[in-house]
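# Architecture at a glance
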Amino acid sequence: MKKIGLTGGIGSGKSTVAALFKEKGVPVFIADIEAKKLFEEEEVVNEIKECFGSSVISKNSIDRKALGQIVFSDSEELKKLNNIIHPKVHQAFENWFVQQNSPYIIYEAAIIFEHNRQSFFDKTLLVTAPKALRIERVMKRDSVTEDEVLRRMENQWSESRKVELADYILNNVKIEDTKQQVNRFDKIFHGI
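No experiment lies behind these values; they were computed from the predicted model shown.

Rules used in this analysis
- Residues numbered from 1 in each chain as written.
- Predicted model: local features only at pLDDT ≥ 70, side-chain atom pairs only at ≥ 80, totals over all residues.
- Heavy atoms only, no water.
- Helix = DSSP H or I, 4+ residues; strand = E, 2+ residues; numbered from the N terminus.
- Polar contact = N/O pair within 3.5 Å; in protein donor to acceptor, adjacent residues only side chain to side chain.
- Contact = heavy atoms within 4.5 Å.
- Axes fitted to C-alpha atoms, helices over the stretch in contact; angles between N-to-C directions.
- Parallel < 35°, antiparallel > 145°, perpendicular 65-115°, else oblique.
- Nonpolar A, V, L, I, M, F, W, Y, C, P; charged D, E, K, R; others polar.
- Pairing = 2+ DSSP bridges.
- Phe/Tyr/Trp six-rings, centres within 6.5 Å; stacked < 30°, edge-to-face > 60°.
- Buried < 20%, exposed > 50% of the residue type's maximum accessible area, 1.4 Å probe, protein only.
- Lys NZ or Arg CZ within 6 Å of the ring centre and 35° of its normal.
- Salt bridge = Lys/Arg side-chain N within 4 Å of Asp/Glu carboxyl O.
- Core = buried A, V, L, I, M, F, W, Y, C linked by side-chain atoms within 4.5 Å.

### Topic: the side chain of Glu114
Here Glu114 lies in the loop between strand 5 (104-108) and strand 6 (123-128). For Glu114, the side chain forms a polar contact with the main-chain nitrogen of Trp157, separated by 3.3 Å. Within polar-contact distance, the side chain of Glu114 engages the side chain of Lys162 at 3.2 Å. Once residues within four sequence positions are removed from consideration, Glu114 is found in contact with Gln156, Trp157 and Lys162.

### Thoughts on the packing of helix 4 (residues 64-71) against helix 5 (residues 75-97)
Viewed as axis vectors pointing N to C, helix 4 and helix 5 meet at an angle of 125°, and their least axial separation amounts to 7 Å. Considered as vectors, helix 4 and helix 5 are oriented oblique to each other. Between helix 4 and helix 5, the residues in contact are Leu67, Ile70 and Val71 and Glu77, Leu78 and Leu81, respectively. Its residues placed into classes, the contact of helix 4 with helix 5 shows five nonpolar, no polar and one charged.

### Quick look at the sheet that holds strand 6
Judged by pairing direction, the sheet is parallel, and its five strands sit side by side in the order 2-5-1-6-7 without closing on themselves. With partners counted over all chains shown, the strands left at the sheet margins are strand 2 (28-30) and strand 7 (168-171), one partner each. Strand-to-strand twist in this sheet, taken as the mean axis angle between neighbours without regard to direction, amounts to 25°. Two elements, strand 6 and strand 7, share four bridges in a ladder whose sense is parallel. Note that in strand 7 the partner of Thr128 across the bridge is Asn171. Its contacts with the sheet put helix 2 (residues 31-38) on strand 2 and strand 5, and the angle it makes with strand 2 is roughly 50°.

### What to know about the packing of aromatic side chains
In total, this model carries 15 aromatic pairs according to the counting rule given. Note on Phe29 and Tyr107: the rings are 5.2 Å apart at their centroids and 25° apart in plane angle, and the pair reads as stacked. Placement of the pair is Phe29 in strand 2 and Tyr107 in strand 5, with a sequence separation of 78 residues. Each member of the pair, Phe29 together with Tyr107, is buried. Geometrically, the ring pair formed by Phe185 and Phe189 is stacked, given 5.9 Å between the ring centres and 20° between the ring planes. Taken as a pair, Phe185 and Phe189 lie in helix 9 (residues 175-191) at a separation of four residues, close to a single helical turn. Every member of this aromatic cluster is reached through a ring pair, and the members are Phe29, Phe93, Trp96, Phe97, Tyr107, Phe120 and Phe121. The ring of Phe39 carries Arg64 above its face, with NZ or CZ at 4.7 Å from the centroid. The ring of Phe120 carries the charged tip of Arg117 above its face, separated from the ring centre by 4.4 Å.

### Brief notes about the pattern of salt bridges
All told, the structure shown has 10 salt bridges when counted by the stated rule. Residue Lys80 pairs with Glu77 through a salt bridge whose shortest N-O separation is 3.1 Å. One end of the pair, Lys80, and the other, Glu77, are both in helix 5, three residues apart, so they sit about a helical turn from each other. Residues Lys162 and Glu114 are paired through a salt bridge, measuring 3.2 Å at the closest nitrogen-oxygen approach. Taken together, the residues Lys162 in helix 8 (residues 159-165) and Glu114 in the loop between strand 5 and strand 6 connect sequence positions 48 residues apart. As far as the burial class goes, Lys162 and Glu114 line up, both buried. One salt-bridge network, held together by shared partners, links Glu43, Glu47 and Lys88.

### Considerations on the nonpolar core
Ranked by internal contacts, the top residues of the largest apolar core, which has 31 residues, are Ile48, Phe52, Leu67, Leu81, Ile85, Val89 and Tyr107. With eight residues, helix 5 is the largest single contributor of residues to this core. Excluding residues within four positions of it along the chain, Phe52 makes contact with Leu67, Ile70, Val71, Glu77, Lys80, Leu81 and Ile84. Within the second largest apolar cluster, 17 residues are counted, among which are Ile106, Leu125, Val182 and Phe185.

This is the structure we're talking about:
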């Protein structure tokens, strides 16, 4: 079973592309969803409280907005959070992967290249979109300002840097075009 790493910058439409693969019956592991589940575990809450202080805890759970303000404005703080969460997400993936039965699976995560994880996958698929469209999507999705989106983007690699590392690129602007590209990549991934 092949592992396809699906990635892209904030607002590129990774989740939309992942959903289109899932509609085709492809097993899809979404790292962000697994990470959010971890935020409910007492052990993780305690680790985050120890690392970032009680200001990020509200009613014995993580105040994601308060934590986000810390980690999305300081790359060193983001690294600390990633060091807590990522090993646990990877273990969740390993547990999930052994239960799948398909020619290939999709692993969707924003920071595959940033963590030098591309060699973990048989192929990588980078979802791209124009920066202005990405900003617009995130502002609408998260009800945040343009400045907040730009700060998040600053903590991610540029799209051009990721393009150099990706095996395949899917340009996600119009949904009908995106669906056609997913169909094409589905055929390619069945053949590798």
